[in-house]
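# Observations on chain architecture
Below, each chain spelled out in residue letters.
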Amino acid sequence: MDTDYDVIVIGSGAAGLSAAVAAAASGASVLIVEADTQTGGSSRLSGGHFYAADTFVQQQAGVSDSAEQMFQHYMTLNQWLVEPAVVRKYCELSAPTLQWLNGLGVDFPVTGLYQSGAGTIARGHQPEGGGETVVQRLDARRQQLGVDMVLDTRVDSLLLDNGRVSGIRAGSHTATAGAVVIATGGFGANDSLLQEYYPQAYAAGDWRWYIGTDKAQGDGLALGAQVDAAVQGHNRGLLLVTPGFSRDLEVLLPDWLILVNRQGRRFTDETAPYTMLAGLIDHQEGPVWAVFDEQARAAAKPSPVSQAYWVADVLAQKADAGVIMRADTLTALAAEMGCHAAGLNGTVARYNTMLSGAQPRDETFFKKLSSQAQPIQTPPFYAAEVRPAIVCWTGTGLRINDACQVMSQAEQPVSGLFAAGETVGSLHGDRYIGGGGSFGPCIVFGKLAGENAALASKGNF
Ligand SMILES: Cc1cc2nc3c(=O)[nH]c(=O)nc-3n(C[C@H](O)[C@H](O)[C@H](O)COP(=O)(O)OP(=O)(O)OC[C@H]3O[C@@H](n4cnc5c(N)ncnc54)[C@H](O)[C@@H]3O)c2cc1C
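It should be emphasised that the depicted structure is a prediction, and the values quoted were computed from it without experimental measurement. (Residues numbered from 1 in each chain as written. Predicted model: local features only at pLDDT ≥ 70, side-chain atom pairs only at ≥ 80, totals over all residues. Heavy atoms only, no water.)

Moving on, we come to the pattern of salt bridges. Under the defined criterion, the tally for this structure stands at 19 salt bridges. Here Asp-6 ties to Lys-458 by a salt bridge, and the two come within 3.0 Å at their closest N and O atoms. With Asp-6 in strand 1 (residues 5-10) and Lys-458 in the segment after helix 15 (439-457), this pair connects stretches of sequence that are 452 residues apart. Accessibility expressed as a relative area gives 16% for Asp-6, which makes it buried. For Arg-266, the salt bridge goes to Asp-362, with nearest N and O atoms at 2.9 Å. Remark: Asp-362 occurs in the loop between helix 14 (341-355) and strand 16 (381-394) and Arg-266 occurs in the loop between strand 13 (258-260) and helix 10 (274-282); sequence separation between them is 96 residues. With respect to burial, Arg-266 and Asp-362 carry one shared label: buried. (Salt bridge = Lys/Arg side-chain N within 4 Å of Asp/Glu carboxyl O. Helix = DSSP H or I, 4+ residues; strand = E, 2+ residues; numbered from the N terminus. Buried < 20%, exposed > 50% of the residue type's maximum accessible area, 1.4 Å probe, protein only.)

Moving on, we come to the pairing of strand 19 (residues 413-419). Burial within strand 19 is extensive, with five of its seven residues counted as buried. In the sheet, strand 9 (residues 173-182) pairs with strand 19 via three bridges, with the strands oriented parallel. Along strand 19, the bridge assignment pairs Val-181 with Phe-418. Where strand 18 (residues 405-407) lies against strand 19, two bridges are found, and the strand directions are antiparallel. (Pairing = 2+ DSSP bridges.)

With that settled, consider the site of the ligand. Lining the immediate environment of the ligand, one finds 39 residues, of which Glu-34, Ser-43, Glu-422, Ser-438 and Phe-439 sit closest. Here an oxygen atom of the ligand and a side-chain polar atom of Ser-46 are 2.9 Å apart. Separating an oxygen atom of the ligand from a backbone N or O atom of His-49 is a distance of 3.3 Å. Placement of the ligand is best described as lying within the largest pocket. For the shell around the ligand, the element with the most residues is helix 2 (residues 41-45), which contributes four residues. A per-class count over the shell around the ligand returns 14 nonpolar, 19 polar and six charged. (Near = heavy atom within 4 Å. Polar contact = N/O pair within 3.5 Å; in protein donor to acceptor, adjacent residues only side chain to side chain. 1 Å grid on protein atoms, 1.4 Å probe; cavity = no way out; pocket = protein on both sides within 12 Å on 5 of 7 lines; lining within 4 Å. Sits in = over half its atoms within 2 Å of the grid points. Nonpolar A, V, L, I, M, F, W, Y, C, P; charged D, E, K, R; others polar.)

A contiguous nonpolar surface patch, about 230 Å² in accessible area, is contributed by Leu-249, Val-251 and Leu-252. Among the structural elements, Leu-249 can be located in the loop between strand 12 (237-242) and strand 13. A relative accessible area of 46% places Leu-249 in the partly exposed class. (Patch = residues over 30% accessible without salt bridge, like charges linked within 9 Å, V, L, I, M, F, W, Y side chains within 5 Å. Areas by Shrake-Rupley, 256 points an atom, 1.4 Å probe, with all protein chains shown as cover.)

Looking now at helix 4 (residues 67-77). Inspection of helix 4 places Met-70, Phe-71, Tyr-74, Met-75 and Leu-77 among the buried residues, and these make up the whole buried set. When helix 4 is viewed along its axis, its buried side chains cluster within an angular range of 165 degrees and face the same direction. The inward-facing, buried residues of helix 4 abut strand 3 (50-51), helix 5 (84-103) and helix 10. Just downstream of helix 4, Gln-79 is the residue with a positive phi angle, here 50 degrees. (Arc of directions from axis to C-beta. Contact = heavy atoms within 4.5 Å.)

Turning next to empty space enclosed by the protein. Per the stated rule, a full pass over the model turns up one cavity of 30 Å³ or more. Space inside the largest cavity adds up to approximately 70 Å³. Sorting elements by how many residues they give to the lining of the largest cavity places helix 15 first, with three residues. Looking at side-chain class alone, the lining of the largest cavity contains five nonpolar, five polar and one charged residues. (Points joined across faces, edges and corners; volume = space filled by probe spheres on them.)

The nonpolar side chains of a soluble globular protein tend to be buried, and buried together. Judged by nonpolar contacts, the single largest core of 82 residues is most densely connected at Ile-8, Val-9, Val-30, Leu-158, Ile-168, Leu-417 and Phe-445. Sort the elements by how many residues they give to this core and helix 15 lands first, with 10 residues. Excluding anything up to four places from it in sequence, Leu-417 contacts Leu-158, Val-165, Val-180, Ile-182, Val-227, Cys-404, Gln-405 and Val-406. (Core = buried A, V, L, I, M, F, W, Y, C linked by side-chain atoms within 4.5 Å.)

Reading across from one edge, 3-5-4 is the order of the three strands in this open sheet, with antiparallel pairing throughout. The outermost strands of the open sheet, each flanked by one partner alone, are strand 3 and strand 4 (113-114).

Right, let's get into the packing of aromatic side chains. With the rule as written, the count across this model stands at 14 aromatic pairs. Arranged with centres 6.4 Å apart and planes meeting at 80 degrees, the rings of Trp-256 and Trp-310 form a pair that is edge-to-face. Linking Trp-256 in the loop between strand 12 and strand 13 with Trp-310 in the loop between helix 11 (294-299) and helix 12 (312-320), this pair joins segments that are 54 residues apart in sequence. A relative accessible area of 5% means that Trp-256 is categorised as buried. Both rings, one in Tyr-274 and one in Tyr-432, keep their centres 6.5 Å apart while their planes meet at 55 degrees; by these two values the pair is tilted. Highlighted residues: Tyr-274 in helix 10 and Tyr-432 in the loop between strand 19 and helix 15, separated in sequence by 158 residues. Cluster of aromatic residues (ring-pair linked, three or more members): Phe-245, Trp-256, Phe-292, Tyr-309, Trp-310 and Tyr-382. Over the aromatic face of Trp-207 sits the side chain of Arg-387, whose NZ or CZ is 4.1 Å from the ring centroid. The side chain of Lys-447 reaches across the aromatic face of Trp-100, ending 5.5 Å from its centre. (Phe/Tyr/Trp six-rings, centres within 6.5 Å; stacked < 30°, edge-to-face > 60°. Lys NZ or Arg CZ within 6 Å of the ring centre and 35° of its normal.)

Moving on: the layout of surface pockets. Here the largest pocket is characterised by a volume of approximately 1,000 Å³. Around the largest pocket, the lining is made up of 50 residues, and of these Ser-42, Ser-43, Ser-46, Cys-392 and Glu-422 lie nearest the centre. Elements with a minimum of two residues in the lining of the largest pocket: helix 1 (14-25), helix 2, strand 12, strand 16 and helix 15. Classifying every residue of the lining of the largest pocket gives 23 nonpolar, 22 polar and five charged. Each of domain 1 (5-236 + 395-457) and domain 2 (240-390) gives at least three residues to the lining of the largest pocket. (Domains from an automatic or database assignment.)

A separate point is the state of the cysteines. Counted under the stated rule, the structure contains zero disulfides. Cys-404 carries a free sulfur, and the closest cysteine sulfur to it, the one in Cys-442, is 11 Å from it. The exposure class of Cys-404 is buried, given its relative accessible area of 0%. (Disulfide = S-S within 2.5 Å.)

These figures capture arrangement, not role.
Written as C-alpha cells, this is what we have:
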C-alpha cells in the first residue's frame, strides 16, 4: 500500500527525535509531528543525564560494571514490580546507545559520571550542555537525514486500516505511514490524569507543580486507548520534596534539620537520595515536618543545596507570615504541628545526644554530618511542613514489549504501533533508579522504536 511516509513519529523530545533519526538512518522516510511551536518538549529543559552500565565513560573512569549488574540492581530496587524483559533490554542497550549519542556529537565527560541513585556504582552520565544539547544534536542529525517535521500540530487520533495502525490525524489533516511511533512524553501537566494515575502527586494539592513542558498532557494514553492499548504502572514517577514556599527546583534538603512524622519520630537520613525521600514520606501516612532551631535558622546561608527555601531570611519571613511554625518550646511546637509532644521531645533529645560530644554521629540513620548539623536546642524552635510535590516526570504509561511494540489489553502487539519515552509505563516501579533513569530510556527505546518501526514499515517485523 502506498503511504505518505514509512514512519510517522508523534512528538519531538529525546525519544521522538531518537526514533526519527534511527528510522531514517535505517532507510525509512520519516515525518515528525510536534504539538509545540519548537522541538524538544521536556527533554530540552532536562539535565539530560543518562543512566547506563558498562559504558566507555565508566571504562575511562575505571568503574567496573555490566548490564547484568544493572539489571539485578534495577529489579531488586523495584522489588520486581517492573517488566523484566523491557528492563533487561534497557540495561543491555544503555551502553551502545550512549555511544551512539556520543557519535552524534553529545559529549559525556568522565567528570560528569556520578553515582546518581541508591547503590554503589556510578551510572549517571551527565552530557555536556544538558538535554538542550542532546535535542540540538539529534535535531541536526534529523535535518541531515531529511526527516520532515511539522510543528504546532497536535495529533488527536490514529488512523487504522484493517486493525493495523496506518497513520495519524491532526484536526482536518491526515498522513499515512507503514508504522507509527508514539513519543508524546508524560502527563505531568495534566491534572486529571495525575489524579487518576498519580494520586501520590495529586495529593500534594496546590503545592504541586510540574517542571516540564505544558504539552505533557498524556496524549499517548488517549491515542493508545483508541487501539485498546494496555496501561502499565500506578503512582509512578519522580516527586521532589519541598516546603512549598515558591516554585524553585531544589532537589536536596540540608543536613541541619530533622524530618519528623506525626509521632514526632525521625524516619530517615534527611540527606537520603532524592530518589527515596518521596516514598519514605508517603509511608508516614500523614504530614511530615522539617524541625530546626534558631541557631540553625540564623546560620542558614544560601548554598549549593538551597538558595530559595532553607536560608535564614526566607525562613524568618515565612515564620513571621505564619507559613511555618515557631514556638519557644518543643512541646508548644508539637501542639501547633498536631504531633506527639513526648515523641518530638524524645526524638530531639536523642538526636542532640548523638550530635554532642567529641565525635558526633547519627547512630540511627547514619546521616553524614557537616559542621552545620548541630544539636537542636536554641529556642525558638521551627517546624516547616514538607511534601513530595514537585513533579519531575511521570512513569505510568503504555505497556510495551522489549521491541517497543505497544501491547494491547489482549496481550498482543498492536500492529504498526510503537512507543518510547515517558509515554511508556513498563519501566518504572516504586523507586526511581537514579538520575538519568528517565532520559536514558527515552534515548534507548526511542532509537529501538525507530529501528523497529522502519523494519515494520517494510513488512519485516
Ligand atoms: C527540568 C527537567 C529536568 C530533568 N532532568 C532529568 C535528568 O537529568 N535525567 C533524567 O533521567 N530525567 C530527567 N528529566 C525527565 C526527562 O527529561 C523526561 O522524562 C524526558 O526528557 C521525556 O522525553 P520524551 O521524549 O519522552 O518527552 P518530551 O521530551 O516531553 O517530548 C514529548 C513531545 O511530544 C509532544 N507532544 C505531546 N503530545 C503530542 C501530540 N498529541 N501530538 C504531537 N506532539 C505531541 C510534546 O510537545 C513534546 O515536544 C527531567 C525533566 C525536566 C522537565
